[in-house]
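Residues per chain are reported as follows:
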Amino acid sequence: MNAGTAALLQRYYDRFNAQDWSGFLELLTDDVVHDINQDGRETGRAAFAEFLKRMDRSYSEQIVEISITTNEDGSRAAVEFVVLGTYKNTDEGLPPATGQQYRLPAGAFFDIRDGKVARISNYYNLQDWLRQVGA
């Protein structure tokens, strides 16, 4: 386990939970790669900022039960967690939002470069989320 990478990722989730978006984005490289669960790939901090805005409109989420694992040199990591959320506004192509609450196990894989997140790939069971929001 690499303590520096583990601390970076704990800050990443702490800032996410605090909705400290500017502090959150500071933890990313300028060319960060973001693999969106069952969707596409976006590149760059600006694209990630736009993604956060889209998410913030439709969802209110907290990340809990965080378990961080890293390789020895800290260049890669995996994080398992639970998303506690409220679906507050309908997201394009998804069922109508009526304030449904959900609890969703999830995971993420990271590449770390120069003490910052260079790639994040998020994974969760979309069918489980759809069932929880009544689709």
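Residues numbered from 1 in each chain as written. Predicted model: local features only at pLDDT ≥ 70, side-chain atom pairs only at ≥ 80, totals over all residues. Heavy atoms only, no water.

Visitor: Is there a simple way to think about the overall build of the protein chain in this case?
Guide: When helices and strands are tallied, the protein chain shows 4 helices and 6 strands. In sequence order, the protein chain lays out its α and β elements as α-α-β-β-α-β-β-β-β-α. Radius of gyration (C-alpha) of the protein chain: 15 Å, near the 14 Å computed for a compact globule of 135 residues. When burial is assessed residue by residue, the protein chain has 44% of its 135 residues classed as buried. Restricting to contacts in the protein chain with at least 6 residues of sequence separation, those with at least 24 account for 55%. A total of about 7300 Å² of accessible surface is found on the protein chain, and carbon and sulfur atoms cover 48% of it. Each charge class in the protein chain was averaged separately, 14 positive and 20 negative side chains, and the resulting centres sit 2 Å apart. (Helix = DSSP H or I, 4+ residues; strand = E, 2+ residues; numbered from the N terminus. Rg over C-alpha atoms; globule rule 2.2 N^0.38 Å. Buried < 20%, exposed > 50% of the residue type's maximum accessible area, 1.4 Å probe, protein only. Contact = heavy atoms within 4.5 Å. Areas by Shrake-Rupley, 256 points an atom, 1.4 Å probe, with all protein chains shown as cover. Lys, Arg positive; Asp, Glu negative; His and termini not counted. Charge placed at Lys NZ, Arg CZ, Asp CG, Glu CD.)

Visitor: Looking at this model, I keep getting lost on the pattern of salt bridges. Mind explaining?
Guide: If charged atoms from side chains of opposite charge come close, those side chains can pair. For the structure on display, the rule yields 9 salt bridges. The partner of Asp31 in a salt bridge is Arg113, with the nearest N and O atoms 2.5 Å apart. Of the two residues, Asp31 sits in strand S1 (residues 28–35) while Arg113 sits in strand S5 (residues 100–113), which places them 82 residues apart along the sequence. Residue Asp31 is classed as partly exposed on the basis of its relative accessible area of 39%. (Salt bridge = Lys/Arg side-chain N within 4 Å of Asp/Glu carboxyl O.)

Visitor: Sorry, what's going on with helix H1 (residues 3–17) here?
Guide: A turn of α-helix holds 3.6 residues, and therefore any two residues three or four places apart point the same way. With 15 residues, H1 extends 21 Å from end C-alpha to end C-alpha; this agrees with the ideal 21 Å at 1.5 Å per step. Here H1 starts with a cap whose side-chain oxygen sits 3.1 Å from the backbone nitrogen of Gly4, and that cap is Asn2. Positive backbone phi, approximately 55°, marks Gln19, located one or two places after H1. (Expected span 1.5 Å × (residues − 1). Polar contact = N/O pair within 3.5 Å; in protein donor to acceptor, adjacent residues only side chain to side chain.)

Visitor: Sorry if this is basic, but what is going on with the packing of aromatic side chains here?
Guide: Given two aromatic rings, their pairing is described by the distance between the two centres and the angle made by the two planes. Taken as a whole and judged by the stated rule, the model has 15 aromatic pairs. Consider the rings of Tyr59 and Trp129, whose centres lie 6.1 Å apart with planes at 65°: the pair is edge-to-face. Here Trp129 lies in helix H4 (residues 126–132) and Tyr59 lies in strand S3 (residues 59–70), a separation of 70 residues in the sequence. Residue classification places Trp129 among the buried positions, given a relative accessible area of 4%. (Phe/Tyr/Trp six-rings, centres within 6.5 Å; stacked < 30°, edge-to-face > 60°.)

Visitor: How do you make sense of helix H3 (residues 45–58) when you look at a structure like this?
Guide: Its 14 residues give H3 an end-to-end C-alpha distance of 20 Å, which sits within 8% of 20 Å, the value for a rise of 1.5 Å per residue. Listed as buried for H3 are Phe48, Phe51, Leu52 and Ser58. Buried residues in H3, looked at end-on, bunch into an arc of 130°, giving them a common side. Looking at H3, the residues exposed on the side facing more than 90 degrees away from the buried face are Ala46 and Arg57. (Arc of directions from axis to C-beta.)

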